[in-house]
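Coordinate inspection notes
Each chain, written out:
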Amino acid sequence: MAERVVESSVDEVPEIPEILEKVILYSLDRAKAKVVAGETLVPFTSLAVKETLFMESHPADDEEACFNLARHTVEHARGAQAYAFTYDGYVEMDDGAHDVIIAEGGQPGEDKAFAVGLLYTQGEDGAPVFEDEPVYIGPAPNFMVALRAPGEYDEDEIDEKYREDNEDFEREDVSEPAAEDAEE
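Our subject in this report is the structure included herewith. It should be emphasised that the depicted structure is a prediction, and the values quoted were computed from it without experimental measurement.

Some words on the overall build of the protein chain
Scanning the protein chain from N- to C-terminus turns up 3 helices and 8 strands. The helix and strand sequence of the protein chain, counted from the amino end, reads α-β-β-α-β-β-β-β-β-β-α. In the protein chain, which comprises 184 residues, the share counted as buried stands at 40%. A fraction of 62% describes how many contacts in the protein chain between residues 6 or more apart in sequence connect residues 24 or more apart. About 10600 Å² of surface is accessible on the protein chain, with carbon and sulfur atoms providing 43% of the total.

Right, dumping it as structure tokens:
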């Protein structure tokens, strides 16, 4: 997904809502684990619906098709609290291009989403070496801009695939903080 462009002239990092930050950070960690394991990082979306995180891969022949698949999945996710669209790419900085895993995330009804990245380089042995902390890249288009807030949907309005067991998704429980969060 190297051709996706998120413009940035960041002077200040905005405050990211807690649930959205959790979804973005979880998505970055999951993507990092795949890259470290030597697996191909297929772009994916993570959707927080109640206490569950639904993850769906978006393989496609080109960047635009992948972006469109992800947007289509997220823009119709009635009842979702937040999403992240995660992919491997690069960012242009003053000293050149840098490899980065990017998670673009947003919430229903908000005008903008946030792009956050985890920079990495290739070590001498060819293995990826990641920076310790994610960096704010800039604002991104919000795939959920046309949705209402989750509490504004009746239970029967929430998409059926997010209410019942559906084997098309990987799921994670997000009701409890991650172990490293609980220790802080």
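Focus: the nonpolar core
Leu47, Tyr83, Phe85, Phe143 and Met144 are the most contacted members of the largest nonpolar core, which totals 23 residues. Breaking this core down by element, the ones donating at least two residues are β1 (44-49), α2 (63-75), β3 (82-93), β4 (96-106), β5 (112-122) and β7 (135-141). Core analysis: the next-biggest nonpolar cluster, separate from the first, contains 21 residues, Leu20, Leu41, Ala48 and Ile101 among them.

What about unusual backbone geometry?
Trans is the prevailing form of peptide bonds, just as negative phi is the prevailing case for residues other than glycine. A positive phi angle, close to 55°, is found at lysine 50, a residue other than glycine. Summarising the element assignment, lysine 50 is placed in the loop between β1 and β2 (52-57).

Concerning the pairing of β1
Residues in a regular strand project their side chains so that they alternate between the two faces of the sheet. Most of β1 sits inside the fold, with 6 of its 6 residues counted as buried. Here β1 shows a buried face lined by Phe44, Ser46 and Ala48 and a second buried face lined by Thr45, Leu47 and Val49. Direction of pairing for β1 relative to β2: antiparallel, over a ladder of 6 bridges. Each bridged residue has a counterpart across the sheet, and for valine 49 the counterpart in β2 is threonine 52.

Concerning the pattern of salt bridges
In the structure shown here, the tally under the stated rule is 1 salt bridge. Salt-bridge contacts for glutamate 39 lead to lysine 34; the nearest nitrogen and oxygen are separated by 3.4 Å. The partly exposed category is assigned to glutamate 39, whose relative accessible area is 43%. Take lysine 34: its relative accessible area is 25%, and that puts it in the partly exposed class.

Quick look at the side chain of serine 46
When you line up the elements, serine 46 lands in strand β1. What makes serine 46 buried here is its relative accessible area of 0%. Looking at serine 46, its side chain comes within polar contact range of the side chain of serine 27, at 2.9 Å. Beyond its immediate chain neighbours, meaning those up to four positions away, serine 46 contacts Val23, Ser27, Leu53, Phe54, Met55, Ala82, Tyr83 and Ala84.

Looking at the packing of aromatic side chains
All told, the structure shown has 6 aromatic pairs when counted by the stated rule. Relative to phenylalanine 143, the ring of phenylalanine 67 lies with its centre 5.2 Å away and its plane at 75°, an arrangement referred to as edge-to-face. Of the two residues, phenylalanine 67 sits in helix α2 while phenylalanine 143 sits in the loop between β7 and β8 (170-173), which places them 76 residues apart along the sequence. Grouping residues by exposure puts phenylalanine 67 and phenylalanine 143 together as buried. Both rings, one in tyrosine 83 and one in phenylalanine 143, keep their centres 5.4 Å apart while their planes meet at 10°; by these two values the pair is stacked. Remark: phenylalanine 143 occurs in the loop between β7 and β8 and tyrosine 83 occurs in strand β3; sequence separation between them is 60 residues. When its relative accessible area of 5% is taken as the criterion, phenylalanine 143 is described as buried.

Here's the deal with helix α1 (residues 18-36)
In this model α1 runs 27 Å from its N-terminal to its C-terminal C-alpha over 19 residues, within 8% of the 27 Å that 1.5 Å per residue would give. Of all the positions in α1, only Leu20, Val23, Ile24, Ser27, Leu28, Arg30, Ala31 and Val35 are classed as buried. Buried residues in α1, looked at end-on, bunch into an arc of 165°, giving them a common side. Away from its buried face by more than 90 degrees, α1 exposes Glu18 and Val36.

About the thresholds
- Residues numbered from 1 in each chain as written.
- Predicted model: local features only at pLDDT ≥ 70, side-chain atom pairs only at ≥ 80, totals over all residues.
- Heavy atoms only, no water.
- Helix = DSSP H or I, 4+ residues; strand = E, 2+ residues; numbered from the N terminus.
- Buried < 20%, exposed > 50% of the residue type's maximum accessible area, 1.4 Å probe, protein only.
- Contact = heavy atoms within 4.5 Å.
- Areas by Shrake-Rupley, 256 points an atom, 1.4 Å probe, with all protein chains shown as cover.
- Core = buried A, V, L, I, M, F, W, Y, C linked by side-chain atoms within 4.5 Å.
- Pairing = 2+ DSSP bridges.
- Salt bridge = Lys/Arg side-chain N within 4 Å of Asp/Glu carboxyl O.
- Polar contact = N/O pair within 3.5 Å; in protein donor to acceptor, adjacent residues only side chain to side chain.
- Phe/Tyr/Trp six-rings, centres within 6.5 Å; stacked < 30°, edge-to-face > 60°.
- Expected span 1.5 Å × (residues − 1).
- Arc of directions from axis to C-beta.

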